Amino acid sequence: MNQRILRICLPVFVLGVVIFLWDLVVRGFAIPPFVLPGPGLVLATLISDAGLLWHSLLVTLTLTFEGFALAAVGGIALAVAFNQWRLAEYALYPYAVILQVTPIVAIAPLLLIYLPQPLAVLACAWIVAFFPVLANTTLGLNSVDHNLVALFELYKASRWQILWNLKLPSALPQMLTGLRIAGGLSLIGAVVAEIAAGSAGAGSGLAYRIAESGYRLNIPRMFAALLLLSLAGVAIFFALSAISYLALRRWHESAIDREG
Amino acid sequence: MSALPPNDNSPGNSPIVTLRGVEKNFSNGIRALDGLDLDVQTGEFVSLLGPSGCGKSTALRIIAGLSGPSAGIVEWPSGAAQIGFVFQEPTLMPWADVSANVGLPFRLAGKDDGGEVVQALERVGLAGFSRSYPRELSGGMKMRVSIARALVTRPPLLLMDEPFAALDEITRFKLNNDLLAVWQDLRRTVIFVTHSVFESVYLSQRIVVMTPRPGRVFTEIVIDAPYPRDERFRTSSEYAAFCRQVAEALAQAMASGAAA
């Protein structure tokens, strides 16, 4: 119980201290707002630009969720295909790795040449997010209890039954870990693509706002947009953690509180 | 509900399964079985006794059809029998509750269990636990669930691979008694693999002593003490004499294996 209170109170306390110091430094050295705006000004900008920023947030979040959904479906489907057909794994896995290890910032400008901008953002979100889903689900599908497989074979289960009733439930914890990582990464992918597109001038997402505000030296709005992006990332992480907890709490050790 | 096979419980009338010259070589060069001959009579309780690595588990998996013999034949004189298998570990699906675990054979066959799950759970003394998850149960209870699952389709042949080896002695004695009660009640054929002299004498009508590496039958000992057997039998001089006889046979089997 005490531990739980500390885990919530300590970070809040640190946040308070940082904001206080930030304010102190801005006031004390009389730093102009186009170099570093104080916390009060950022908050005020957040409120005064609420309409614009809210719209941008929705644009970015929509693309993030679409990218995440495609990554989840694509990653899981590909992992299942790899698990069912070894040859598919041999043929395609190296390219999945190549896609993953090539920095997304380097791919984004290229995608923007070939695809309309929203589609390019979506593609970036998908590329960075699908690999952790693929890798973790593959691991989960491969680490199923061999005796349970033998048991299913004893009862003459079909391949489909083994996949649906045994391998997928057994891979659920790893799959959810992959999805949790993918949630944050799809936001990063979307932001990277928007920033890359930003210099091309078209766009309305939060990252585009940051780029645009930078050119205009509207630093308070940059901070406000950045704050919203961080909050969006945190919200995505907590939402996926909650889903993971709800799905596993009855049976998986990772979701069970240890007593005593 | 299902018709029981004719069974007068006197070994030697009709074999349910016959092994002739069964060999098993693993790809790593280990010769697990070398010319194993075994007749198991319908309704019989027979134990395969030997040190670890004598291929007794391999023999069980070959009988179950989970693994093919490298040479030799497995014959089913009155047709292939449905098999219930109990592994050394409980081998339960952690994401499914007790009743779903026990009902698995019916679900895989696409059939309704028709009340068999409830009956099987009552038979192993777990009537009140159908909604519990495996992690909420003790080791002994998990093994009971595993036995209930093996019995739920009322298979003519029950294969048990050191099922109680990981349990404490008190739980093991209790499960020994309950297994004998179930066997006498249902009149099924049981092939029981163990490395415990005491357990094999307590349970079996016949003990097949195997040599280690490569595994083959060293000798057979008939335990003609009457059933029901209980704690009085466990502490009787008759039991002690059987144990001494079997232990001596096992020692000779191991010596012969070492010499070979």
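Residues numbered from 1 in each chain as written. Chains lettered and ligands numbered in written order. Predicted model: local features only at pLDDT ≥ 70, side-chain atom pairs only at ≥ 80, totals over all residues.

1. Quick look at the overall build of chain A
In terms of regular secondary structure, chain A is built from 10 helices and zero strands. Secondary structure elements of chain A occur, N-terminal to C-terminal, as α-α-α-α-α-α-α-α-α-α. When its C-alpha atoms are laid out on the principal axes, chain A stretches across 75 × 55 × 30 Å. Every one of the 260 residues in chain A was classed for burial, and the buried ones make up 38%. Residue pairs at least 24 apart in sequence account for 74% of intrachain contacts in chain A once pairs closer than 6 positions are excluded. (Helix = DSSP H or I, 4+ residues; strand = E, 2+ residues; numbered from the N terminus. Buried ≥ 20, exposed ≤ 12 C-beta atoms within 10 Å, placed from the backbone. Contact = placed C-beta atoms within 7 Å.)

2. Focus on the domain arrangement of chain B
All names here are of chain B. Each assigned domain of chain B is listed here: domain 1 (15–81 + 157–259) and domain 2 (89–155). The distance between the C-alpha centroids of domain 1 and domain 2 comes to 25 Å. With 12 residues of domain 1 at the interface, the matching set in domain 2 holds 10 residues. Going through the elements one at a time, β6 (157–161) and α6 (169–186) are the ones with two or more residues in the side of domain 1 that touches domain 2. Counting residues per element, the side of domain 1 that touches domain 2 draws most heavily on α6, at five residues. Of the residues assigned to the side of domain 1 that touches domain 2, the class counts are 10 nonpolar, one polar and one charged. (Domains from an automatic or database assignment. Nonpolar A, V, L, I, M, F, W, Y, C, P; charged D, E, K, R; others polar.)

3. With respect to the environment of tryptophan 76 of chain B
Residue and element names in this part refer to chain B. The residue tryptophan 76 is located in the loop between β4 (71–75) and β5 (83–86) in this model. Of the residues examined, tryptophan 76 has 13 C-beta atoms within 10 Å and is grouped as partly exposed. C-alpha separation for the pair tryptophan 76 and alanine 255, spaced 179 residues apart in sequence, amounts to 33 Å.

4. Focus: the packing of helix α4 (residues 86–101) of chain A against helix α6 (residues 117–142) of chain A
Residues and elements named next belong to chain A. Axis separation between α4 and α6 bottoms out at 9 Å; the angle between their running directions is 130°. One element, α4, and the other, α6, form an angle in the oblique class. When you trace α4 past α6, the crossing you get is left-handed. Across from Ala96, Leu99 and Gln100 in α4, the residues of α6 making contact are Ile127, Phe131 and Leu134. Tallied by class, residues from the contact of α4 with α6 come to five nonpolar, one polar and no charged. (Axes fitted to C-alpha atoms, helices over the stretch in contact; angles between N-to-C directions. Parallel < 35°, antiparallel > 145°, perpendicular 65-115°, else oblique. Left-handed = near helix turned anticlockwise from the far one by under 90°.)

5. Quick notes on the pairing of β6 of chain B
Residue and element names in this part refer to chain B. Of all five residues that make up β6, five are buried, and the element is covered over most of its length. Burial along β6 is two-sided: Leu157, Leu159 and Asp161 and Leu158 and Met160, pointing in opposite directions, are all buried. One ladder, built from four bridges, connects β5 with β6; its direction is parallel. Following the sheet pairing, isoleucine 83 is matched in β6 by leucine 157. Taken together, the five bridges between β6 and strand β7 (residues 189–194) define a ladder with parallel strand orientation. Bridge pairing links aspartate 161 to valine 193 in β7. For the handedness criterion, the β-α-β arrangement of β6, α6 and β7 is classed as right-handed. (Pairing = 2+ DSSP bridges. Right-handed = clockwise from strand over helix to strand, strands pointing away.)

6. Remarks on the sheet that holds β6 of chain B
Residue and element names in this part refer to chain B. Within the open sheet, the six strands sit side by side as β5-β6-β7-β3-β8-β9. Their pairing is mixed. Among the strands making up the open sheet, the edge pair consists of β5 and β9 (217–222). Each strand axis lies, on average, 15° off the axis of its neighbour in the sheet, ignoring direction. Sheet analysis places strand β8 (residues 206–210) next to β9, joined by five bridges and oriented antiparallel. Counted as the bridge partner of isoleucine 207 is isoleucine 221 from β9.

7. Digging into the nonpolar core
Burial of nonpolar side chains together is a common tendency in soluble globular proteins. Leu49, Phe85, Ala148, Leu159, Ile191 and Val209 of chain B are the most contacted members of the largest nonpolar core, which totals 73 residues. A total of six residues in this core trace back to one element, the largest contributor, which is helix α5 (residues 139–151) of chain B. With 58 residues, the next largest nonpolar core counts Trp126, Ile127, Tyr208 and Ala211 of chain A among its residues. (Core = buried A, V, L, I, M, F, W, Y, C linked by C-beta atoms within 7 Å.)

8. Describing the environment of asparagine 28 of chain B
Residue and element names in this part refer to chain B. Note on placement: asparagine 28 falls in the loop between β1 (15–25) and β2 (31–41). On the neighbour-count criterion, asparagine 28 (5 C-beta atoms within 10 Å) is exposed. Asparagine 28 sits 56 residues away from glycine 84 along the chain, and the two C-alpha atoms are 29 Å apart.

9. What about the confidence of the model for chain B?
Residue and element names in this part refer to chain B. Residues with a pLDDT of 70 or more make up 93% of chain B, whose mean pLDDT is 88. This stretch, residues 1–12, has a pLDDT under 50; its non-local contacts, to residues over four places away or in other chains, come to 14 contacts. Two numbers describe this predicted complex: its pTM, 0.84, and its ipTM, 0.87. (pLDDT = per-residue confidence, 0-100.)

10. Concerning the domain arrangement of chain A
As assigned here, chain A comprises domain 1 (1–31) and domain 2 (37–255). Put simply, the middle of domain 1 of chain A and the middle of domain 2 of chain A, counted by C-alpha atoms, are 30 Å apart.

11. Some words on α4 of chain A
Every α-helix winds through 3.6 residues per turn, so residues three or four apart in the chain are directed the same way. Residues and elements named next belong to chain A. Counted at 1.5 Å a residue, the expected span for α4 with its 16 residues is 22 Å, and the 23 Å between its end C-alpha atoms agrees. Considering bend angle alone, the principal kink of α4 is centred on leucine 92 and spans about 40°; proline proline 94 follows within four residues of it. For α4, a buried count of zero out of 16 residues is recorded, marking the element as mostly open to its surroundings. (Expected span 1.5 Å × (residues − 1). Bend = angle between axes of the 7 residues up to and from the residue.)

12. Focus on unusual backbone geometry
Residues and elements named next belong to chain B. A cis geometry characterises the amide bond from tyrosine 227 onward to proline 228, with omega recorded as -5°. By the element assignment, proline 228 lies in the loop between β9 and α8 (231–234). One non-glycine residue, arginine 154, lies in the positive phi region at around 50°. In this fold, arginine 154 is placed in the loop between α5 and β6.

13. Here's the deal with the pairing of strand β3 (residues 45–49) of chain B
All names here are of chain B. Counting buried residues in β3 gives five out of five residues, a clear majority hidden from the surface. Side chains of β3 alternate between two faces, with Phe45, Ser47 and Leu49 and Val46 and Leu48 buried alike. In this sheet, β8 lies alongside β3 in parallel orientation, the contact comprising four bridges. Paired with serine 47 across the strands is isoleucine 207, a residue of β8.

14. Observations regarding the interface of chain A and chain B
On the side of chain B, 15 residues touch chain A, which itself brings 15 residues to the contact. Secondary-structure elements contributing two or more residues to the side of chain A that touches chain B are α7 (146–154) and α8 (159–198) of chain A. Examining the composition of the side of chain A that touches chain B, we find that seven residues originate from one element, α7 of chain A, more than from any other. A breakdown of the residues in the side of chain A that touches chain B according to their chemical character gives 10 nonpolar, two polar and three charged.

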